[in-house]
Amino acid sequence: MKKSLLLAAMTVLGFGLAHADFSQGAGHFYMIQNKATKRYINLIHDKGSASALSQDFHAIRLENDGEQHTEPGTLIYISSGYNLSAQGTSVKDITGYSVNIKENGTGDNGEAVYNAWVTAGVWIFKQDVYFQDEAGKGFDKAATGDANDCKWYIKPVDTGGGGDCYFGVTPKATDYLDGYYYTTLRASFAYKLSQGVDAFTVVGGKLHELPHDNVVPANTPVILRCKSTLASDNRLYPQAIGGKYTAESTVTSSLVSGTKYSYFKTSVVNAKVGETGSYTNGKPYGLGTAKSDANANYRVLSVKDGQLGFFDTFASAYPADQCINGELAYMDTKSDIVLIAKQEAVTTSLAGLVTKEADSKTLYHINDGELTAVAFGDDNVLYCKDNNAYASKDASQQGQVDYMKDRAKLQTGAYDQSNWVALSLDEATATKLMNSNVINHVISGVEGVLTDKVNPTVKLTVAPTVGQESTYTPNTYIAASFGGTQTGTQGKHEQFFFVTPKPCEVASITWAMWDGSKMVAPTHVDGKVNQAGLSGEFAYGGDQSKLKENSIYSFEGIVKVNTASSKAGKLSAPAASGYTVYPLTQPVEIGSIDGNVVTAVGSVSEAATVERVIYYNLQGQSSAKPHEGVNIVKTVYTDGSTRVDKVVK
């Protein structure tokens with residue numbers, strides 16, 4: 001009779017589901033976590049090398065918290081017959097041990113924890129042996145079960161309803177092509193795909209997509225296409241088919257698997273003291289196929305030179321001391337297999353990309369020679385602008401007052417009306433550009449897929465090149481700027497010209513009052529604030545809990561046009577109206593309004609007259625009249641404000 005205390009211990013936990021009031025009972029998938037160490041059981045084989053209890057138990061490896069989400073060997077299925085299945089093997093098939101379970105206290109959040117033990121030996125030599133997580137032991141014949149490292153949580157795995165206990169895949173950031181990340185998987189359980197994950201088999205050297213709403217059969221080697229590198233975004237929902245944990249795959253595929261068990265790292269964490277080295281390379285217990293024994297033709301999936309395929313052999317893809325990873329799938333071929341050929345990029349300017357017909361599948365090469373990197377936002381996004389090439393620039397008409405320049409004195413010099421783009425980077429590229437001090441430098445070689453046309457966003461496929469310095473001074477906007485050119489409602493009812501922010505623009509925002517739900521033009525207060533009665537508003541995309549109602553703020557931010565919900569495969573469309581500004585700097589309170597009382601804020605709209613004009617030449621000499629050549633012109637107003645311009649006589 002075969003013996004495996006690895007599965008006997010798991011059987012203990014499986015029977016616990018029958019005798020204790022677990023949240024989902026039998027017929028579900030679970031993960032098992034130690035109370036003391038927070039590590040998870042991960043099956044790496046279906047048997048030990050000898051009958052001794054301690055040796056058998058070394059076929060269980062315990063992973064650090066956080067790694068369990070991507071290990072198929074941590075998914076344990078408990079059937080209605082109280083059998084336990086994991087990685088394609090079953091307790092009833094290989095063990096003859098009876099098991100015991102008892103509830104023993106509560107966990108950190110009040111949930112039940114359990115002991116698991118087997119009664120080993122014969123006649124008077126029988127003894128209770130508890131399963132615990134303790135380096136150097138793994139199985140403690142002396143324990144009573146009261147120690148925390150002998151207590152276990154049993155957590156239901158997410159099968160479609162959400163939660164923190166889930167299984168997902170994590171593609172490499174480098175395996176990115178045309179807006180997607182790719183990886184392979186061979187799981188011994190059936191599963192459904194979450195949104196954002198698609199599955200393909202390889203038939204006849206070509207990709208064959210599986211129906212998204214169907215169940216991917218167990219033991220089916222597939223290529224998974226994902227929109228993220230995070231396991232939490234790429235969830236796979238394990239399924240029991242007809243009350244059974246597993247079944248042979250019915251899908252035809254030319255992919256081959258490595259091993260059945262999740263053994264990839266080089267040592268067993270809870271091996272006996274001094275024995276760690278004997279467990280490397282999978283030689284003892286048959287814990288996988290050592291690299292030296294691997295089929296020399298095995299090729300791993302990767303993206304190389306803009307193509308998806310099976311290129312590198314296992315020998316060149318992984319370090320020499322690692323085994324073939326049983327959770328991945330491999331191609332057994334003597335030559336490279338190209339699944340998606342290199343896509344030729346369509347060359348366009350940034351202006352052309354956002355004004356002409358564009359889609360989310362074409363690879364675009366932006367050929368502007370003057371793209372300037374201005375700021376990094378969240379999630380490795382770099383915001384860049386072209387050289388003042390916006391197609392439909394805002395321009396003042398005769399009789400209009402340029403409010404930001406002539407009245408508020410907040411904008412000096414010409415407005416920059418550029419096209420802006422958000423470049424979505426993988427972490428490695430973002431780190432490289434940060435280390436290259438890319439901000440305020442020209443970049444070239446921008447190539448990627450357009451994912452949002454309203455707020456132009458390009459997901460890069462290659463890292464751009466950093467060029468010469470190119471500084472940029474952000475435009476200054478107030479809340480009224482977001483309302484565009486308008487006629488004041490107070491005083492002379494003048495028509496005020498405003499340049500409106502452009503999508504994805506990095507801008508300086510000031511004189512924006514928080515009204516409790518959005519940023520607005522400050523309340524009109526006679527003689528002090530908003531004398532013209534201007535209007536305008538935008539949503540605030542930062543932490544609103546730190547804002548005070550009726551307080552006025554200044555900050556640097558990224559302007560986004562509000563978009564309507566987009567359909568799958570379609571670029572987002574603009575909403576009816578409105579903007580959201582996402583702060584790059586912490587908002588600074590520059591004043592507040594309470595009724596008609598203004599606190600600690602000066603006027604931005606009171607009309608001021610010119611007091612004097614001073615002309616400076618390039619040698620710094622001043623004059624009341626212009627010098628020949630280049631002049632730096634300083635205008636001083638009656639309210640004490642100044643304005644500086646450069647003119648040539």
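Residues numbered from 1 in each chain as written. Predicted model: local features only at pLDDT ≥ 70, side-chain atom pairs only at ≥ 80, totals over all residues. Heavy atoms only, no water.

**Quick look at the sheet that holds strand β23 (residues 337-340)**
Pairing in this open sheet of five strands is antiparallel, and the strands run β19-β22-β20-β21-β23 from one edge to the other. Sheet topology places β19 (255-257) and β23 at the edges, where each strand pairs with a single neighbour. Ignoring strand direction, the axes of neighbouring strands in this sheet form an average angle of 50°. Direction of pairing for β19 relative to strand β22 (residues 329-332): antiparallel, over a ladder of three bridges. Across the sheet, residue Val256 finds its bridge partner in β22, namely Tyr330. (Pairing = 2+ DSSP bridges. Helix = DSSP H or I, 4+ residues; strand = E, 2+ residues; numbered from the N terminus. Axes fitted to C-alpha atoms, helices over the stretch in contact; angles between N-to-C directions.)

**Brief notes about the pattern of salt bridges**
Following the criterion strictly, the structure yields eleven salt bridges and no others. A salt bridge links Lys518 to Asp515, with the nearest nitrogen and oxygen atoms 3.0 Å apart. The partly exposed category is assigned to Asp515, whose relative accessible area is 24%. Of the charged contacts, one joins Lys548 and Glu589 as a salt bridge, the two residues approaching to 3.7 Å between their closest N and O atoms. Here the residue Lys548 occupies a position in the loop between β39 (537-540) and β40 (551-564), and Glu589 occupies one in strand β42 (residues 588-594), the gap between them amounting to 41 residues. Accessibility expressed as a relative area gives 37% for Glu589, which makes it partly exposed. (Salt bridge = Lys/Arg side-chain N within 4 Å of Asp/Glu carboxyl O. Buried < 20%, exposed > 50% of the residue type's maximum accessible area, 1.4 Å probe, protein only.)

**Side note on the nonpolar core**
Counting 40 residues, the largest nonpolar core has Tyr403, Phe482, Phe498, Ile509, Met519, Phe538 and Phe555 as its most contacted members. Only α6 (403-407), β36 (495-497), β37 (506-514), β38 (519-520), β39, β40 and β41 (573-583) provide two or more residues apiece to this core. In terms of residues, this core owes the most to one element, β37, which gives six residues. Not counting chain neighbours up to four residues away, the residues in contact with Phe538 comprise Ala479, Phe482, Ile509, Ala512, Lys518, Met519, Phe555, Tyr579 and Val581. (Core = buried A, V, L, I, M, F, W, Y, C linked by side-chain atoms within 4.5 Å. Contact = heavy atoms within 4.5 Å.)

**Focus: the sheet that holds strand β31 (residues 446-452)**
With respect to topology, nine strands assemble into an open sheet ordered β24-β25-β31-β32-β29-β27-β26-β30-β33, the strand pairing being mixed. Looking at the sheet topology across the chains shown, the edges are occupied by β24 (346-348) and β33 (465-469). Here the strands of the sheet are splayed against their neighbours by 45° on average, with no regard to which way each runs. Summarising the sheet, β24 and strand β25 (residues 363-366) pair through three bridges and their orientation is parallel. Residue pairing for β25: Thr348 is matched across the bridge by Ile366.

Interpretation in functional terms is not warranted from these geometric data alone.
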